[in-house]
Amino acid sequence: MKTPVVGAVVGLDIGGSKTRGIKWMDGTAVADVSGGSANVQNVSRAQARSNLGGVFAGLDGETVARVVVGSGGIDTADDAQALTELIQPLAPSAVVSVVHDTRLLLAAAGCSTGIAVIAGTGSAAWGTNGEDQARAGGWGYLLGDEGSGYWFGREAVRYSLERMNNGLRPDELTQALLKSCGLTGPEGLIALFHGDAGREFWAAKSPLVFECAASGHTASLDMILQAGADLATLAAKCAEQLTIEGPIVLGGGLGMNQPTLQTAMRIALVTRGLETLQVLTQDPVFGALQLASD
């Protein structure tokens, strides 16, 4: 049985697009603030420090005794220490704990064991059987992040350029993508993709794929099915390493808000003998309070 949290606790969920912070006093939420991403894989260290400063200004970090942080890109003890060093001056009296953001997700689902899968700007899976831990994915957009918002945006660009190479006119998905990007032709996608538009820009294009799939666009549906299979593979790798079947909890902005992706992942999991998928019903940041009581 977990010990109720006494005093002031701050939980942070640092994603690829934003940072959300909640302050609890004796277990009751008293402040909820959001700001820009503080993930140093996505923004500079200076920008991360500035964004964190804005969030903590609204949380009154000076009075906090404990800070629990979940962030993408926390793959080593050095990663955790680097983020701790950014946060500690903003909450000088607090004990700061930094974990990979997938751990927040499982805790937010009220699970002490199981597998968490994030499908947001990026993607990753983490699990525990109570004794051992396992990770899969979470390599970042240059090496992986299959099934993520960024992956969908990139795949829409690749699809549109492939049609152009084959001498085909822009179809429903390409037209929607070009309109969203303010372009008149697919050739402009190349420079835009390699320009200053970052991960968040392309991740924000992911809803276009789901909208086109809903209207019957076959290639868009194929992308969603592939994403569901890729996310299921991440979960299955953790399940195999830990010798557990679940529960498997799906979170992240994309995972929590796109039923078609949820269905695709559920189908892919069933083919692997895993039938315990549940979709997170509250934001992962609420898992910080659970971790604070460990």
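Summary of the structure given here. (Residues numbered from 1 in each chain as written. Predicted model: local features only at pLDDT ≥ 70, side-chain atom pairs only at ≥ 80, totals over all residues. Heavy atoms only, no water.)

1. Thoughts on the overall build of the protein chain
So, step 1. The helix and strand inventory of the protein chain stands at twelve helices and ten strands.
So, step 2. Whereas a compact globule of 294 residues would reach a radius of gyration of roughly 19 Å, the protein chain reaches 20 Å, a difference of no more than 12%.
So, step 3. Across its three principal axes, the protein chain shows a C-alpha extent of roughly 65 × 45 × 30 Å.
So, step 4. Across the protein chain, every contact between residues at least 6 apart in sequence was considered, and the portion connecting residues at least 24 apart equals 67%.
So, step 5. With an accessible surface of roughly 13100 Å², the protein chain has 51% of that area assigned to carbon and sulfur atoms. (Helix = DSSP H or I, 4+ residues; strand = E, 2+ residues; numbered from the N terminus. Rg over C-alpha atoms; globule rule 2.2 N^0.38 Å. Contact = heavy atoms within 4.5 Å. Areas by Shrake-Rupley, 256 points an atom, 1.4 Å probe, with all protein chains shown as cover.)

2. So, the pattern of salt bridges
So, step 1. For the structure on display, the rule yields eight salt bridges.
So, step 2. With its nearest N and O atoms 3.3 Å apart, the salt bridge here joins R199 to D145. Separated by 54 residues along the polypeptide, R199 in helix α7 (residues 199-203) and D145 in the loop between β8 (133-137) and α4 (149-165) bring together distant segments of the chain.
So, step 3. Looking at R199, the relative accessible area reads 12%, which means it is buried.
So, step 4. E155 is the partner of R158 in a salt bridge, and the nearest nitrogen-oxygen pair spans 3.6 Å. (Salt bridge = Lys/Arg side-chain N within 4 Å of Asp/Glu carboxyl O. Buried < 20%, exposed > 50% of the residue type's maximum accessible area, 1.4 Å probe, protein only.)

3. Re the side chain of S37
So, step 1. Within the fold, S37 resides in the loop between β3 (28-36) and α1 (45-59).
So, step 2. Taking relative accessible area as the criterion, S37 reaches 2% and is therefore assigned buried.
So, step 3. Side-chain polar atoms of S37 contact the backbone oxygen of G15, separated by 2.8 Å.
So, step 4. Dropping the residues within four chain positions of it, S37 is found in contact with G15, G16, S17, K18, T19, N42, V43, A48, N51 and E200. (Polar contact = N/O pair within 3.5 Å; in protein donor to acceptor, adjacent residues only side chain to side chain.)

4. Overview of the pairing of strand β9 (residues 248-251)
So, step 1. Residues I248 and L250 line one face of β9 and the alternating positions V249 and G251 line the opposite face, and both faces are buried.
So, step 2. Across four bridges, strand β6 (residues 114-119) lies against β9 in parallel orientation. Bridge assignment links V117 to a residue of β9, and that residue is L250.
So, step 3. Where β9 and strand β10 (residues 277-279) come together, three bridges link them in parallel fashion. Paired with I248 across the two strands is L277, which belongs to β10. (Pairing = 2+ DSSP bridges.)

5. Focus on the packing of helix α8 (residues 206-214) against helix α9 (residues 218-242)
So, step 1. Relative orientation of the contacting elements α8 and α9 amounts to 120°, with a least axis distance of 7 Å. With respect to α9, the axis of α8 lies oblique. For the pair α8 and α9, the crossing hand works out as left-handed. Every residue of α9 that contacts α8 at V209, F210, C212 and A213 is listed here: S220, L221, M223 and I224.
So, step 2. Of the residues that constitute the contact of α8 with α9, the class distribution is seven nonpolar, one polar and no charged. (Axes fitted to C-alpha atoms, helices over the stretch in contact; angles between N-to-C directions. Parallel < 35°, antiparallel > 145°, perpendicular 65-115°, else oblique. Left-handed = near helix turned anticlockwise from the far one by under 90°. Nonpolar A, V, L, I, M, F, W, Y, C, P; charged D, E, K, R; others polar.)

6. Re the sheet that holds β8
So, step 1. One open sheet accounts for five strands, arranged β8-β7-β6-β9-β10; its pairing is mixed. Among the strands making up the open sheet, the edge pair consists of β8 and β10. Within the sheet, the average angular offset between the axes of one strand and its neighbour, ignoring direction, is 20°.
So, step 2. The sheet contacts of helix α3 (residues 101-108) involve β6, β7 (123-128), β8 and β9, and relative to β6 the element is tilted by about 120°.

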